[in-house]
Amino acid sequence: MITQDLLNEIIQDTSLNGKYVEFYEMLKEEIDNYYNERIEQMKGTLKFAYPNLSSEIDTYDKMKVLYEYSKLI
């Protein structure tokens, strides 16, 4: 379980090969996975909103998806 003390220790571990390197990598991977899933959800919304652009939306990069999605909300 992640506690406040553990988080403080992790934050203070600034060495290049610190004991929390694996934790950092796992956390980064989880964030990347969440981000990619969210981008795919946004693409789905864009396809629903603009069905005539469905195949073009598949080619959008992340920034284009964020930009187009922001225009919807």
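Now for a look at the structure at hand.

Quick notes on the rules
- Every chain begins its residue count from 1, and numbering advances along the sequence as written.
- Only residues with pLDDT of at least 70 are given local features in this predicted model, and only at 80 or more are side-chain atom pairs given and counted; all residues enter the totals for whole chains, interfaces and linings.
- Excluded from the side-chain calculations are hydrogens and water; all other atoms, namely the structure's heavy atoms, are used.
- Numbering of helices and strands runs from the N terminus, with a helix taken as a DSSP run of H or I at least four residues long and a strand as a DSSP run of E at least two residues long.
- What a helix is expected to span follows from its residue count: subtract one and scale by 1.5 Å.
- When accessible area is computed with a 1.4 Å probe and restricted to protein chains, residues below 20% of their type maximum are described as buried, those above 50% as exposed, and intermediate ones as partly exposed.
- By definition in these notes, contact holds between two residues if any of their heavy atoms fall within 4.5 Å.
- The reported arc concerns the directions from the helix axis to the C-beta atoms and nothing else.
- What we call a nonpolar core is a set of buried Ala, Val, Leu, Ile, Met, Phe, Trp, Tyr and Cys residues that are connected through their side-chain atoms within 4.5 Å.

Glancing now at helix 2 (residues 21–49). For helix 2, spanning 29 residues, the distance from its first C-alpha to its last is 42 Å, which sits close to the expected 42 Å at 1.5 Å a residue. Every buried residue belonging to helix 2 is among Ile39, Met42, Lys43 and Leu46, and all of these are buried. Looking at the buried residues of helix 2, the elements they touch are helix 3 (54–57) and helix 4 (62–72).

Take the environment of Glu25 next. Looking at the element boundaries, Glu25 is found in helix 2. Overall, the relative accessible area of 49% leaves Glu25 in the partly exposed class. In this structure the C-alpha to C-alpha distance between Glu25 and Val65, which are 40 residues apart in sequence, comes to 26 Å.

With that settled, the discussion passes to helix 4. Along helix 4, the residues classified as buried are Val65, Glu68 and Tyr69. Down the axis of helix 4, the buried set is contained in an arc of 100°. They therefore lie on one face. Tucked into the core, helix 4 has its buried residues touching helix 2.

Ile39, Met42, Leu46, Ile57, Tyr60, Val65 and Tyr69 together form the largest nonpolar core, which totals seven residues. Residues contacting Tyr69, with those up to four places away along its chain left out, are Arg38, Met42, Thr45 and Leu46.

On their own, these measurements won't tell you what the molecule is for.
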